[in-house]
Amino acid sequence: MKKLILVPVFMLCGFAAAADFAPPMFGGHRNQIAINVGQGTDATWLLPLPGRRAWFAMYEFRYSQPNSFFRLPGRQNLNIAYIHGWRDDDNWAWTDVTVPLFYWSQDAVLYSTRNWYHGGGMGVGMQLQENDRIGTKLIFAFKLFSGYRLSDTWNMELFMQHFSNGSTSDANYSYNFFGVGFVRNF
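Residues numbered from 1 in each chain as written. Predicted model: local features only at pLDDT ≥ 70, side-chain atom pairs only at ≥ 80, totals over all residues. Heavy atoms only, no water.

Enquirer: For this particular structure, what's the right way to read the overall build of the protein?
Expert: If you tally the helices and strands in the protein, you get 1 helix and 8 strands. When burial is assessed residue by residue, the protein has 48% of its 186 residues classed as buried. Restricting to contacts in the protein with at least 6 residues of sequence separation, those with at least 24 account for 62%. A total accessible area of about 9400 Å² is found for the protein, and carbon and sulfur atoms account for 64% of it. (Helix = DSSP H or I, 4+ residues; strand = E, 2+ residues; numbered from the N terminus. Buried < 20%, exposed > 50% of the residue type's maximum accessible area, 1.4 Å probe, protein only. Contact = heavy atoms within 4.5 Å. Areas by Shrake-Rupley, 256 points an atom, 1.4 Å probe, with all protein chains shown as cover.)

Enquirer: Hey, could you run me through the pattern of salt bridges in this one?
Expert: Taken as a whole and judged by the stated rule, the model has 4 salt bridges. Arg-62 is the partner of Glu-157 in a salt bridge, and the nearest nitrogen-oxygen pair spans 3.8 Å. With Glu-157 in strand β7 (residues 154–164) and Arg-62 in strand β2 (residues 53–69), this residue pair connects regions lying 95 residues apart in the sequence. Each member of the pair, Glu-157 together with Arg-62, is buried. Residues Arg-75 and Glu-157 are paired through a salt bridge, measuring 2.9 Å at the closest nitrogen-oxygen approach. Of this pair, Arg-75 sits in strand β3 (residues 72–85) while Glu-157 sits in strand β7; the two residues are 82 residues apart in sequence, bridging distant segments of the chain. For Glu-157, a relative accessible area of 1% corresponds to the buried category. Here the salt bridges share partners, and the residues they tie into one network are Arg-62, Arg-75, Asp-107 and Glu-157. (Salt bridge = Lys/Arg side-chain N within 4 Å of Asp/Glu carboxyl O.)

Enquirer: Would you mind going over the confidence of the model for the protein with me for this structure?
Expert: Regions with low pLDDT carry predicted coordinates that are not meant to be interpreted in detail. Of the residues in the protein, 87% have a pLDDT of 70 or more, and the chain-wide mean is 86. In this model residues 9–20 is a low-confidence stretch, pLDDT under 50, and it forms 23 contacts with partners more than four residues away in sequence or in other chains. (pLDDT = per-residue confidence, 0-100.)

Enquirer: Looking at this structure, I do not really get the side chain of Glu-157. What am I missing?
Expert: A polar contact is formed between the side chain of Glu-157 and the side chain of Arg-75, at a distance of 2.9 Å. In terms of polar contacts, Glu-157 uses its side chain to reach the side chain of Tyr-117, at 2.7 Å. Each residue touching Glu-157, except ones within four places of it in the same chain, is listed here: Arg-62, Arg-75, Tyr-117, Lys-143, Phe-145, Ser-146, Gly-147, Gly-179, Val-180, Gly-181 and Val-183. (Polar contact = N/O pair within 3.5 Å; in protein donor to acceptor, adjacent residues only side chain to side chain.)

Enquirer: Any chance you could explain the sheet that holds β2 here in plain terms?
Expert: Remark on secondary structure: sheet strands pair via backbone hydrogen bonds, oriented parallel or antiparallel. Spatially, 8 strands are ordered β1-β2-β3-β4-β5-β6-β7-β8 in a closed barrel, and the strand pairing comes out antiparallel. Adjacent strand axes in the sheet meet at a mean angle of 25 degrees when their direction is disregarded. Bridge analysis of strand β1 (residues 32–41) against β2 gives 9 bridges, and the strand direction is antiparallel. Residue Gln-32 lies in a different strand from β2, and its bridge partner there is Ser-64. (Pairing = 2+ DSSP bridges. Axes fitted to C-alpha atoms, helices over the stretch in contact; angles between N-to-C directions.)

Enquirer: Please clarify how the pairing of β7 should be interpreted in this entry.
Expert: Among the 11 residues that make up β7, 8 are buried, leaving the element largely enclosed by the rest of the structure. Bridge count for strand β6 (residues 138–149) against β7 is 10 bridges, and the pairing is antiparallel. If you follow Lys-143 over to β7, its bridge partner there is Gln-161. Linking two consecutive strands that pair antiparallel, namely β6 and β7, is a turn of 4 residues. With 10 bridges connecting them, β7 and strand β8 (residues 175–185) associate as antiparallel partners. Paired with His-162 across the two strands is Asn-176, which belongs to β8.

Enquirer: So what exactly am I meant to see when it comes to the pairing of β8 here?
Expert: The side chains of a regular strand alternate, residue by residue, between the two faces of the sheet. Where β1 and β8 come together, 10 bridges link them in antiparallel fashion. By the bridge assignment, Asn-36 is partnered in β8 with Gly-181.

So, in structure tokens, the structure goes:
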């Protein structure tokens, strides 16, 4: 229950201060869209191992604006994700986890150089239907990312994404992904 309370408290702090500067991932711009593609891993831990490939993937569209998070440069995001299971195996019916997700998230950059930036983020939202993998419609998101500014308007990011229900249900096998994002600043 403590996890359930702390995530919204931390996330609301992201609204507190709009950044007077463009964080390193925005390149002087005030808006950002991204297409993220991730390969699923069959792990239930917050930081999964990339070697346990699963038969599901994530396709995500993200719209972001710059802000600050406890004086760290950041971005607030609206995310629409689609988790697609395409094959079943002896361990899991992966086709049963095909579901759209809608969530809001807050990212913060923990370290950056001229072109590189590294950070993490948290989010809260919902999936459109319950399934045996998550067990509730309520989802919490955790993300680690590393990005590189290719130009003033284009970035590329590598990420690790985790979705779970925050232990609000007995079924909590989570969705975990490693992937790549293509980002456009405007």
